[in-house]
Amino acid sequence: MARYILRRVLLALPALFGLVLLTFVLTRVIPGDPAATLAGDSATPAQIADIRARYGLDRPIWEQALVHVKQVLTGDLGSSIFSGRPVIEEIGFRLPATLELTFFALFLATAIGIPLGVVAALNHNGPVDQLVRLISVGGLAIASFWLALMLQLVFAMEWDVLPLRGRVEVELGTPPLRTGFLLIDSLLAGRLDQFRDALWHLVLPAVTLCLPGLASIARFTRSGMLEMLQKDFVLYARAAGYGRFRLYAIYVLRNAVTVTVTQIGLLFGALISGAVAVEAIYDWPGLGTYAVQAILSADYKALLAVTLVVGVVYAAVNVLVDVVQALVDPRVAEDIR
Amino acid sequence: MSIMGEGRPVLSVENLAVHIRTDAGVARILDDVTFAVPRGGALGVVGESGCGKSTLLRAILGILPRGATVPKGAVLFEDRDILTDRAASARGRIGFIPQDPYLSLNPVFRAGDQFLEIMRRHAPGSRRDHRDTLVELFRAVQLPDPGGALAKYPHQFSGGQRQRLLIAAALACEPALVVADEPTTALDVTTQREILGLLRQLTTERGLSLLFVTHDFGVLAAVCDQVAVLYAGRVAETGPTRAVLDDPQHPYARMLLACHPDRAVDLLGIPGTVPAATAQPPGCRFHPRCPASRADCAGVPPPLLPLAAGRAVACPYHAEAMLG
């Protein structure tokens, strides 16, 4: 198993290296001159050239790329050319907010989607199945910005049961940051009021964000279950007298979720990109809003750092998914060897 | 092993009919099937594909598919009708050996855990007792490393070893009856022989009754002392294996055995095909293909007529048909 994990990690490294190079090239070929943006509207050509030289932007692109890779490898992601602060510092504050949101959304999608898929498969073509089909089509079809606005309208404006935007109520303050996850930090600080506050703020953005994922998890679980229910080992288990709950909720499901687990890894990418829109609407102080600012201000240093960090998180999640898959299905780890 | 057994049979199927609703209409899969497995005896149900063997098994095991109905008949296990009165305890009392050892075990659970779950529900004693029983059974089925087998996954065993595992599992809850569904068809010939010998030995040693479903007369002769020949959902002939194989009475059984006395059921030598379950002919279901059929064979379905020496045949003209 350790060998298997090591192998998965090593396989992720070339992908990350490629990400570093590719994003660098992309940020340099897109329109927009960071030096001009930085110098301001009234700057003279000489001032712009000066800035360009200071940031090494006048060098050949391959040389810039090498310098960039070297900096990344030494852990130096540079400073935002917009705010002048080290990007790692700015990201360090915002990454946990995004991760808390995406992980919570993923948790919701899994915790609701998998049982929904199981129940649908067991009632194949029954009313629950139809409902799940409706949810899985709707969940993928509904635009998240529309859903976000509707949820805000109903739950925050009309009924006033959940907060409209933001991550915390300012009067309550935030617990001392240790993990950056407010749900955890508030519990560590023993502040249940802050925990409740963080949770309440999380609900609407997370529900908005999780819906497409929930839809595809339910769909994959349903089809996985339907496929597995045809297997001889289910018939054998029934003949041998397994209990109904254990048979379906554990014995068959564990076979059926292998596909779903892979899907969850891919889903995580969609969650992070979906978070950009959701964060913007709910005013969530995460990486998504930061990335949008960086793009608008041609802050290529910030942008490179965001893509790299997101890439690392994505790779880590997928290694985790591989490990979970090997735990679920013992044949997976052996086939790799 | 006794031929007719003492006292009441352990399992008796009485006038069992099973219908399944399909898009093409009602399939009368089983129609008036009657036979009994004597206590301590071994009965083989033999027939070609589509004769209703699997449905019969599923009725006995209580796992009839959706859409199946039982318009009449009973399956009496130890004198209780398990179709209508299935106490959970009856499960463990009927051990089941499935057809395909490669597909019948869940690939993502350890062998031990899969069987311990069955025992947890259907055998008395603690988990530790169950583990000990299983290891002892693994030893009895001559599995290499019986102690280590509990923690292995199915793919870590060969096909023959998996069938041994399944035999052990069938015995785990101290059953009175073992039901085996062609347990050797998925295995190669040498393994087949070992597994059959083992099955026979274990059931005899433990005084268990065996219901053995097969399409292979050779296997049948090696394992069973009683036989019921099934054709299109009805029992064509039943009796002691040796007597039926040596001197079949029903025209269908005779033709089958004439085709391949020691081989698998193969209808190449019999004109026509097995009727579809949704379009069974009236009267005797074999009459459209029977060389000795008469006008009244299409009338009332022939009942099983008792003959001498515990035999019965569902053909009123079996004596005349002999000549033809």
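As the structure is a computational prediction, the values presented were derived from the model and not from experiment.

### Some details on the overall build of chain A
Here comes step 1: Secondary structure assignment for chain A yields 14 helices and 0 strands.
Here comes step 2: Mapped from its N terminus to its C terminus, chain A presents α and β elements in the order α-α-α-α-α-α-α-α-α-α-α-α-α-α.
Here comes step 3: The dimensions of chain A, computed from C-alpha atoms along their principal axes, are 85 × 55 × 40 Å.
Here comes step 4: Buried residues in chain A amount to 37% of all 337 residues.
Here comes step 5: A separation threshold of at least 6 residues defines the contact pool for chain A, and within that pool the share at least 24 residues apart is 73%.

### Examining the pairing of strand S4 (residues 68-77) of chain B
All names here are of chain B.
Here comes step 1: Pairing geometry for strand S1 (residues 11-22) and S4, over 7 bridges, is antiparallel. The residue bridging Ile-20 from the neighbouring strand is Ala-68, located in S4.
Here comes step 2: The pairing of S4 with strand S5 (residues 80-81) spans 2 bridges and is classified as antiparallel. Counterpart to Phe-77 in the pairing with S5 is Arg-80.
Here comes step 3: Counted between consecutive antiparallel strands, the loop separating S4 from S5 contains 2 residues, among which Glu-78 sits at a positive phi close to 50 degrees.

### Examining the environment of Gln-71 of chain A
Residue and element names in this part refer to chain A.
Here comes step 1: Along the chain, Gln-71 turns up in helix H4 (residues 61-73).
Here comes step 2: The partly exposed category is assigned to Gln-71, around which 15 C-beta atoms lie within 10 Å.
Here comes step 3: Apart from residues no more than four positions distant in its own chain, Gln-71 is found in contact with Asp-76 and Gly-78.

### A few points about the UniProt feature "transmembrane region" (unreviewed entry) in chain A
Here comes step 1: UniProt feature "transmembrane region" (unreviewed entry): in the numbering of this structure it lies at residues 101-122, 134-155, 198-221, 256-282 and 302-321 of chain A.
Here comes step 2: For the annotated span residues 198-221 of chain A, helix accounts for 100% and strand for 0% of the residues, and the straight-line distance between the end C-alpha atoms is 31 Å.

### Considerations on the packing of helix H11 (residues 244-282) of chain A against helix H12 (residues 287-296) of chain A
Residues and elements named next belong to chain A.
Here comes step 1: Across the interface, H11 lies against H12 with an axial gap of 7 Å and an inter-helix angle of 90 degrees. Comparing the axis directions of H11 and H12 gives the class roughly perpendicular. On H12, the residues that touch Ala-275, Val-276, Glu-279 and Ala-280 of H11 are Gly-288, Thr-289, Ala-291 and Val-292.
Here comes step 2: Here the residues of the contact of H11 with H12 are counted per class, giving 5 nonpolar, 2 polar and 1 charged.

### Overview of H12 of chain A
Residue and element names in this part refer to chain A.
Here comes step 1: Taken as a whole, H12 has its buried residues at Leu-287, Gly-288, Tyr-290, Ala-291 and Ala-294. All buried residues of H12 fall inside an arc of 160 degrees around its axis, so they share one side.
Here comes step 2: Just past H12, the residue Ala-298 takes up positive phi, approximately 50 degrees.

### Some remarks on the confidence of the model for chain B
Residues and elements named next belong to chain B.
Here comes step 1: Averaged over chain B, the pLDDT score is 87; the fraction of residues at 70 or greater is 92%.
Here comes step 2: Within chain B, helix H11 (residues 318-323) has the poorest average pLDDT of any element, 65, and strand S3 (residues 42-46) the best, 95.
Here comes step 3: Low pLDDT, under 50, characterises residues 1-5; the predicted model gives this stretch 15 contacts beyond four residues in sequence or across chains.
Here comes step 4: Among the prediction metrics, the complex's ipTM stands at 0.86, with pTM recorded as 0.83.

### Considering the sheet that holds strand S8 (residues 209-214) of chain B
Residue and element names in this part refer to chain B.
Here comes step 1: Read from one edge to the other, the open sheet built from 8 strands follows the order S6-S7-S8-S3-S9-S10-S12-S11, with strand pairing classed as mixed. The strands lining the two open edges of the sheet, one partner per strand, are strand S6 (94-97) and strand S11 (305-306).
Here comes step 2: One ladder, built from 2 bridges, connects strand S10 (residues 234-240) with strand S12 (residues 312-313); its direction is antiparallel. Residue Glu-237 lies in a different strand from S12, and its bridge partner there is Val-313.
Here comes step 3: Helix-sheet contacts for helix H6 (residues 159-171) involve S6 and strand S7 (177-181), and the interaxial angle to S6 is about 170 degrees.

Calculation notes
Residues numbered from 1 in each chain as written. Chains lettered and ligands numbered in written order. Predicted model: local features only at pLDDT ≥ 70, side-chain atom pairs only at ≥ 80, totals over all residues. Helix = DSSP H or I, 4+ residues; strand = E, 2+ residues; numbered from the N terminus. Buried ≥ 20, exposed ≤ 12 C-beta atoms within 10 Å, placed from the backbone. Contact = placed C-beta atoms within 7 Å. Pairing = 2+ DSSP bridges. UniProt positions renumbered as here; feature names shortened; annotations may be inferred. Axes fitted to C-alpha atoms, helices over the stretch in contact; angles between N-to-C directions. Parallel < 35°, antiparallel > 145°, perpendicular 65-115°, else oblique. Nonpolar A, V, L, I, M, F, W, Y, C, P; charged D, E, K, R; others polar. Arc of directions from axis to C-beta. pLDDT = per-residue confidence, 0-100.

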